[in-house]
Amino acid sequence: MRAAVLRGPEPISMEDITLDEPRAGEVLVRVVACGVCHSDYHTVNRAKAGALPAPVILGHEVGGIVEAVGPGVMSVVEGDHVVCAFKPNCGACYFCVRGQPQICERSDYPDRLFNGSSPRLRDEGGNPVQQGIGVGGYAQYSLMPERGVVKVREDAPLDRICLVGCGVTTGVGAALRTAKVEAGSDVAVIGLGGVGLNVVQGARLAGARRIIGVDTVASKAELGAKFGMTDFVNAAEVDAVEEVRRLTNDRLDYAFEAIGLGRTSEQAFGMVRRGGTAVIVGVVGDSITIPGLAFLGEKRLIGSFFGSAKLQYDIPVYVDLYMDGKLNLDDLVSKKRPMPEINEAFADMMAGTVARSVMEPVG
Ligand code: CXF
Ligand code: ZN
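Residues numbered from 1 in each chain as written. Chains lettered and ligands numbered in written order. Predicted model: local features only at pLDDT ≥ 70, side-chain atom pairs only at ≥ 80, totals over all residues. Heavy atoms only, no water.

(A) Examining the overall build of the protein more closely. A count of helices and strands for the protein gives 10 helices and 19 strands. Relative to the 2.2 N^0.38 estimate, which gives 21 Å for 363 residues, the radius of gyration of the protein is 20 Å and therefore close to what a compact globule would have. Counting only C-alpha atoms, the protein reaches 60 × 40 × 40 Å along its principal axes. Of all 363 residues assigned to the protein, the portion counted as buried reaches 55%. (Helix = DSSP H or I, 4+ residues; strand = E, 2+ residues; numbered from the N terminus. Rg over C-alpha atoms; globule rule 2.2 N^0.38 Å. Buried < 20%, exposed > 50% of the residue type's maximum accessible area, 1.4 Å probe, protein only.)

Next up, the structure:
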């Protein structure tokens, strides 16, 4: 198959890759569309820093069609439309049975491989190739564990619902599942990218009263409004914490950090009221410093991973909400591109000119 392969600091390039037949419990998915997510770029940065273990195929927001299934697979059959989930759940570990499958301990990225086996993909020289973030979606096919593949309705366009595989579930779920935003709450969202816009629409679905978006890109004022944002704060012009506190008269119930920085995490904590909750949705690599005395006011700082998704249930629900006009995915897809344009899609993402690009395999 043709796939976009990252080998190091150089641009990603298209290569011929061979992949194994699905083994027991595995599903071979023909990729129809794959969204471009910031987490892919973190992997590019690791490559630039020389910390990449092997050639890797990135891409983890896949909508596709089942091409073949391995022995024992029961939840999908050939021809089913599916969304791939980068964080499968085993259904049997301590966390799965405690009702937190999003933190399943048997499928931690990046250690999760199939049945403990080595990479199932090879390049033209016969060398192993990794499936980045567990999916490897910038390719014609992805070999997935059954528990990371969810059957969805066939009338749903795969070039939209692919986004449910990461950004939609992560953002909407942060509001609905992790924070459980109540109707009438006031909410702020820091960072109006592919995830932050979904936190906004999750808060809207929850019935939030005020949804304040915070970003440094002025055009996000218009974009955010399409997802239910009621107010916009341009953090390039004003102090975001002061402005949100002023707008809410110091009564902000929830703040969501959707960028992945220590500084904006501190801002999220700083803007919520006593008794309020700051939710860290972004992947924060640095440390967070907060004043300990704030806990006397029962402020809470919590993490959210993959929208606290019970993915086998949530993914089809989010697809239904889109098909019913209750979730906006159309305005998330700013651009569709053929797979060989993956480097250009990354450049768009880093420039902040797109909410999401969606790549389509060629071959
Ligand atoms: C990320 C979170 C950190 C691990 C890789 C996937 N989520 C979505 O992009
Ligand atoms: Zn992602």
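(B) Local environment of helix α10 (residues 342-351). Residues Ile 342, Ala 345, Phe 346, Asp 348 and Met 349 constitute the buried set of α10. The buried residues of α10 occupy one face: seen down the axis, they fall within an arc of 160°. Positive backbone phi, at 75°, marks Gly 352, one or two positions downstream of α10. (Arc of directions from axis to C-beta.)

(C) Quick peek at the site of ligand 1. Not every one of the 9 residues close to ligand 1 is listed here, only the nearest: Cys 37, Ser 39, His 60, Phe 86 and Cys 166. In this structure, an oxygen atom belonging to ligand 1 sits 2.4 Å away from a side-chain N or O atom of Ser 39. One of the side-chain N or O atoms of His 60 is found 3.2 Å from an oxygen atom in ligand 1. Considering ligand 1 on its own, with 270 Å² of exposed area, one finds that the protein chains cover 82% of that surface. Residues that form the shell around ligand 1 fall into these classes: 7 nonpolar, 2 polar and no charged. (Near = heavy atom within 4 Å. Polar contact = N/O pair within 3.5 Å; in protein donor to acceptor, adjacent residues only side chain to side chain. Areas by Shrake-Rupley, 256 points an atom, 1.4 Å probe, with all protein chains shown as cover. Nonpolar A, V, L, I, M, F, W, Y, C, P; charged D, E, K, R; others polar.)

(D) Here's a closer look at the pairing of strand β12 (residues 186-190). Among the 5 residues that make up β12, 5 are buried, leaving the element largely enclosed by the rest of the structure. Of the two faces of β12, the one lined by Asp 186, Ala 188 and Ile 190 and the one lined by Val 187 and Val 189 are each fully buried. Relative to strand β13 (residues 210-215), β12 runs parallel, the two sharing 5 bridges. Across the sheet, residue Val 187 finds its bridge partner in β13, namely Ile 211. A crossover links β12 with its parallel partner β13, the connecting element being helix α5 (residues 196-206), and its sense is right-handed. Inspection of the sheet shows β12 paired to strand β15 (residues 254-257) by 4 bridges, in the parallel sense. Across the sheet, residue Val 189 finds its bridge partner in β15, namely Phe 256. (Pairing = 2+ DSSP bridges. Right-handed = clockwise from strand over helix to strand, strands pointing away.)

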